[in-house]
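Structural description and commentary
What follows is the residue order along each chain.
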Amino acid sequence: MKQLSDLAFFSELVRHESLASAAMAFDVTPPAVSRRLAALEKRLGVRLLHRSTRRVGLSAEGERYLAEGTNILRQIDVLEATLRAGQDTPRGLLRVNASLGFGRKHVANVVSAYHAEFPAVEVILELTDHPIDLIEGGFDLSVRFGEPPDQRLIAQKLASNRRILCAAPSYLAAAGELTTPGDLTRHDCLVIRQENHTFNNWQLRNGKQETTVKVHGPVSSNDGDVSVQWALQGKGVLLRSEWDIQQELKTGALVRVLPEWAGAPADIFAVCPYANPMPAKTREFIRVTREVLASKAGFIV
């Protein structure tokens, strides 16, 4: 910082014919200007100005320091102007993280819509099977289910995410219908193992009623798409986000089970490293994400 302030000081100093006139511009005394110039020359080990009682003139070293220093100051001005402009106009590089399934089905479409609107932004979408450290990974934003526990991050809700119980008609024809959540204990259930959560405890809600059912099944996976395929094959009851099985429900390949009950909320959030103000590129990506999700069945934005 001192080197930069010295550059700015010297650049301003040489615009004046004398140290006295420079002192008036700086609103300090002439001796104060002399002392700072002397300290700068001592630090650099060269004489920058030739002084006389009335005028100052650049030495060869002073000419170089002024020319290259002015270029450095100009580059800093351009950089800062670009950063300020980035708060108003999306530009630069945007790194986005999302889960594998949701990223493939929906965030990829968001990126396409976003790039069509803001072609000056380069977007990198990285899909992972578990949440990652955004700050350590250098990401601008992540699309996640549920608010983050990390206080260094901020979260904005994108859409409500309702999880519903469903099964293939062939399974229900063979295993029988369900009338209460307790019936799940005698049915095959397709559980999804995620992180360190107790994967086979299904938390269900019906208005103000809440219950937790410990379920079991012959197969389980950490991949939601695999579990949907098993459900379609009639292997059991599945608790899955409504957005993920919209097409299967529409065609009747899967049907609702216990339709008055739903899983605990796992709403969709845009999670960002703390930034105030938020860069325009990130702010607009959040807006486009909401618009894309609002146009899709299964989302309440």
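Here's what I pulled together on the structure shown here. What you see is a predicted model, and the numbers here were worked out from it, not measured in a lab.

Counted by the stated rule, this structure contains seven aromatic pairs. Between Phe-102 and Phe-145, the ring centres sit 5.3 Å apart and the planes meet at 80°, which makes this aromatic pair edge-to-face. In this pair, Phe-102 sits in helix α5 (residues 100-117) while Phe-145 sits in strand β5 (residues 141-145), placing the two residues 43 residues apart along the sequence. By relative accessible area, Phe-102 is classed as buried at 2%. Since its relative accessible area comes to 31%, Phe-145 is described here as partly exposed. Three or more aromatic residues link up through ring pairs in this structure, and these residues are Phe-102, Phe-145 and Trp-243. Between the NZ or CZ atom of Arg-95 and the centre of the ring of Phe-139, over which it lies, the distance is 4.2 Å.

By secondary structure assignment, the location of Cys-166 is in strand β7 (residues 163-167). Overall, the relative accessible area of 0% leaves Cys-166 in the buried class. Put simply, Cys-166 and Leu-238 are 72 residues apart on the chain and 5.3 Å apart in space, counted from C-alpha to C-alpha. Residues within four places of Cys-166 in sequence aside, it is in contact with Gly-236, Val-237, Leu-238, Ile-245, Leu-254, Val-255, Arg-256 and Val-257.

Where α5 meets helix α10 (residues 280-294), the closest approach of the two axes is 9 Å, and the angle between their N-to-C directions is 120°. By the criterion of interaxial angle, the relationship of α5 to α10 is oblique. Every pair of crossing elements has a handedness; the one defined by α5 and α10 is right-handed. Taken together, the residues of α10 that come into contact with α5 (itself represented by Phe-102, His-106, Val-107, Val-110, Val-111, Ala-113, Tyr-114 and Glu-117) are Lys-281, Glu-284, Phe-285, Arg-287, Val-288, Thr-289, Val-292 and Leu-293. Class assignment of the residues belonging to the contact of α5 with α10 gives a composition of ten nonpolar, two polar and four charged.

Cut-offs used in this document
Residues numbered from 1 in each chain as written. Predicted model: local features only at pLDDT ≥ 70, side-chain atom pairs only at ≥ 80, totals over all residues. Heavy atoms only, no water. Phe/Tyr/Trp six-rings, centres within 6.5 Å; stacked < 30°, edge-to-face > 60°. Helix = DSSP H or I, 4+ residues; strand = E, 2+ residues; numbered from the N terminus. Buried < 20%, exposed > 50% of the residue type's maximum accessible area, 1.4 Å probe, protein only. Lys NZ or Arg CZ within 6 Å of the ring centre and 35° of its normal. Contact = heavy atoms within 4.5 Å. Axes fitted to C-alpha atoms, helices over the stretch in contact; angles between N-to-C directions. Parallel < 35°, antiparallel > 145°, perpendicular 65-115°, else oblique. Left-handed = near helix turned anticlockwise from the far one by under 90°. Nonpolar A, V, L, I, M, F, W, Y, C, P; charged D, E, K, R; others polar.

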